[in-house]
Amino acid sequence: MSCNLFNFMFYGIDRGGNKRIAQNTLLLYFRMLFMMVISLYTSRVILQVLGVEDYGIYSVVGGLVSMFSLISNSLSNCIGRFIAFEIGRNDLMKLKKTFSVAVSIYIILALVTFVAVEAVAVWFLNTKMNIAKENMIAANWVLQFSLLIFIVNLISIPYNATIIAHERMSIFAYISIFEAISKLVVVYLLLLSSHDRLILYAFLLFLLSLFIRIIYGIYCKRQFEECSVNFIWDKPIVLEMFNMAGWNFLSSMADIFKSQGVAILINLFFGTFVNAAQAIAQQVNNAVNQFCNNFMTAITPQITKSYAQENYMRVEKLSMIGSRFSFYLVMLFSLPILYETNFILELWLGVVPTYTIIFVQYALIQTAFEVLSRTLINIIMASGYVRKYQIGVSLLLFANFPLSYFLLKMGFDADSVYIVAILITISTLLWRFYIAHTLMHFNVKYYVKNVFIYPILIAVICSIPYSIIVYHMPIGIWRFGFSLIIGIIFTLLIIYLIGINSRERMFVNSFIVGLRNKIYRNNRYDT
């Protein structure tokens with residue numbers, strides 16, 4: 001029943017596709033909640049076991065390796081698009097060639113990345129990074145294991161893209177649960193070890209990533225006909241991929257400078273202790289982001305397939321609903337964290353590194369603006385017309401690095417880099433909307449009002465009970481619990497009354513009635 005209602009919310013278009021969105025979203029949320037609980041525990045223990053400095057070393061050195069993901073990131077976005085596009089067109093022969101070409105490209109990229117990291121990253125780590133001499137041996141081991149993890153994940157991209165394109169989200173849920181449990185084992189082994197725990201931690205994560213890669217590979221070969229790899233080099237497909245990837249490369253490079261480049265700036269100006277604060281802030285932000293990412297992972301293949309089928313009305317509806325619901329999900333979980341950051345971090349970590357609180361708050365604000373543009377990115381990528389978009393967004397993202405460096409060089413505090421990032425994120429949101437509008441010819445006034453203005457106003461309204469409670473009650477578990485309960489209830493009520501339209505409100509009403517009837521029937525059968 002709930003799936004039929006979900007179809008109704010999406011205006012009755014493509015009932016089978018909407019049913020898959022509903023089912024896959026629920027699976028991904030189950031996966032996320034389980035992993036989040038495990039992650040909260042393991043992060044606390046790992047920080048205590050490794051210490052703030054080693055935790056910061058692992059973060060910044062791992063980020064150094066990820067800076068070499070420029071080409072792979074630019075390709076990964078278009079690989080998923082091409083696979084989903086051919087599935088939407090039901091062209092099995094082209095799909096097989098596309099997958100085989102993708103695997104061949106990523107094997108070559110893995111070899112190139114290995115050589116580049118060994119030639120450049122090793123030199124930079126040992127001559128430029130702000131790391132204590134007694135920790136350099138461990139840092140070099142972390143670099144090598146981070147490189148191996150990166151290569152394993154790189155080769156996995158075509159397989160993961162195929163699973164997502166086929167919308168088989170259940171396998172992600174099952175394997176992610178296994179991965180989360182395995183990380184508990186990693187933490188337990190760290191507690192038992194008397195050797196260098198930083199090196200052991202990097203080694204165990206490499207073994208885990210290799211095993212997960214093998215599982216995904218076996219599943220794809222058994223489930224999807226196109227995943228029988230033949231190492232081919234189909235020139236038209238390669239040119240088509242690299243034509244899109246070439247422009248994606250610009251934004252990927254800019255995004256790397258925006259994230260990992262700024263992490264290196266923080267290391268050079270403030271050291272590994274502030275890197276640890278940044279890593280913790282990123283982990284909190286990633287946890288909140290998952291509430292949005294799971295919904296987007298479920299909806300993205302449908303946008304691409306609908307565009308391939310020239311069902312543009314459905315594309316626009318999915319874009320608007322995806323943007324608003326993503327923002328509401330991030331808002332629902334960000335508001336209590338924003339108002340109780342200090343208490344939550346002390347409860348979670350025990351020892352809170354300097355700058356962590358303000359980093360977390362700024363990162364969540366940045367994400368709230370960022371999620372509004374994610375469906376717009378999907379539309380642009382599905383269209384294939386990415387040249388103008390990538391040039392514009394790359395210039396904006398590139399500006400983040402020199403602006404951050406300028407502010408730090410002028411003596412501004414470490415949190416200034418997050419203020420720059422928020423302003424850049426708002427600028428890229430406006431640019432993405434402009435490009436998507438040229439492709440889809442949105443009703444600008446209607447789209448801006450319902451996707452941008454209303455959600456932000458609702459966020460301001462929903463912050464009122466948190467502000468009142470925090471102002472009138474002393475910090476502690478009672479204030480946190482009271483503000484959490486009152487704030488979430490108030491937020492859900494405001495979203496229901498003014499944050500969704502009448503069709504979506506009817507869906508919510510029908511869903512609640514159906515859920516209540518289902519519970520009633522189950523209780524009656526049990527008795």
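Values in this document were obtained by computation on a predicted structure and should not be read as measured data. (Residues numbered from 1 in each chain as written. Predicted model: local features only at pLDDT ≥ 70, side-chain atom pairs only at ≥ 80, totals over all residues. Heavy atoms only, no water.)

> Explain the environment of Val 52 to me, and be specific about the residues and the numbers.
Looking at where Val 52 falls in the secondary structure, it is placed in helix 2 (residues 15–66). Residue classification places Val 52 among the buried residues on the basis of a relative accessible area of 19%. The spatial distance from the C-alpha of Val 52 to the C-alpha of Val 351 is 8.9 Å, given a sequence separation of 299 residues. (Helix = DSSP H or I, 4+ residues; strand = E, 2+ residues; numbered from the N terminus. Buried < 20%, exposed > 50% of the residue type's maximum accessible area, 1.4 Å probe, protein only.)

> If you had to explain the packing of helix 10 (residues 312–339) against helix 13 (residues 374–383) to someone new, which residues and values would you point to?
At a closest axis distance of 8 Å, the pairing of helix 10 and helix 13 adopts a crossing angle of 150 degrees. When the interaxial angle is binned, helix 10 and helix 13 end up roughly antiparallel. From helix 10, Val 315, Leu 318, Ser 319, Gly 322 and Ser 323 reach across to helix 13, where they touch Thr 375, Leu 376 and Ile 379. Residue composition of the contact of helix 10 with helix 13, grouped by class: four nonpolar, four polar and no charged. (Axes fitted to C-alpha atoms, helices over the stretch in contact; angles between N-to-C directions. Parallel < 35°, antiparallel > 145°, perpendicular 65-115°, else oblique. Contact = heavy atoms within 4.5 Å. Nonpolar A, V, L, I, M, F, W, Y, C, P; charged D, E, K, R; others polar.)

> Could you give an account of the side chain of Thr 341, with specific residues and numbers?
Positionally, Thr 341 belongs in helix 11 (residues 341–349). At 2.5 Å, the side chain of Thr 341 forms a polar contact with the backbone oxygen of Ile 337. In terms of polar contacts, Thr 341 uses its side chain to reach the backbone carbonyl oxygen of Leu 338, at 3.2 Å. If we ignore the near neighbours within four places in the chain, the residues touching Thr 341 are Ile 357, Val 360 and Gln 361. (Polar contact = N/O pair within 3.5 Å; in protein donor to acceptor, adjacent residues only side chain to side chain.)

> Break down the pattern of salt bridges for me, citing the residues and quoting the values.
This structure, assessed with the given rule, holds three salt bridges. For Lys 183, the salt bridge is made with Glu 179, and the minimal N-O distance between the two is 4.0 Å. On the criterion of helical spacing, the pair formed by Lys 183 and Glu 179 is a turn pair, its members being four residues apart in helix 6 (residues 169–192). Of the residues examined, Lys 183 reaches a relative accessible area of 33% and is grouped as partly exposed. Taking the relative accessible area as the measure of exposure, Glu 179 reaches 22% and is therefore partly exposed. Residues Arg 479 and Glu 340 are paired through a salt bridge, measuring 2.9 Å at the closest nitrogen-oxygen approach. (Salt bridge = Lys/Arg side-chain N within 4 Å of Asp/Glu carboxyl O.)

> Help me get a handle on the side chain of Arg 432, residues and values and all.
Inspection of the secondary structure puts Arg 432 in helix 16 (residues 416–440). No salt bridge forms around the buried Arg 432; measuring N to O, its nearest opposite-charge neighbour Glu 370 is 5.8 Å away. Here Arg 432 is in contact with Ser 373, Leu 376, Ile 377, Ile 380, Tyr 389 and Val 393, once residues within four sequence places are set aside. (Lys, Arg positive; Asp, Glu negative; His and termini not counted.)

> Can you tell me about the confidence of the model for the chain, naming the residues and giving the values?
Averaged over the chain, the pLDDT score is 79; the fraction of residues at 70 or greater is 85%. pLDDT under 50 marks residues 1–19. Its contacts with residues more than four places away, or in other chains, come to 42 contacts. (pLDDT = per-residue confidence, 0-100.)

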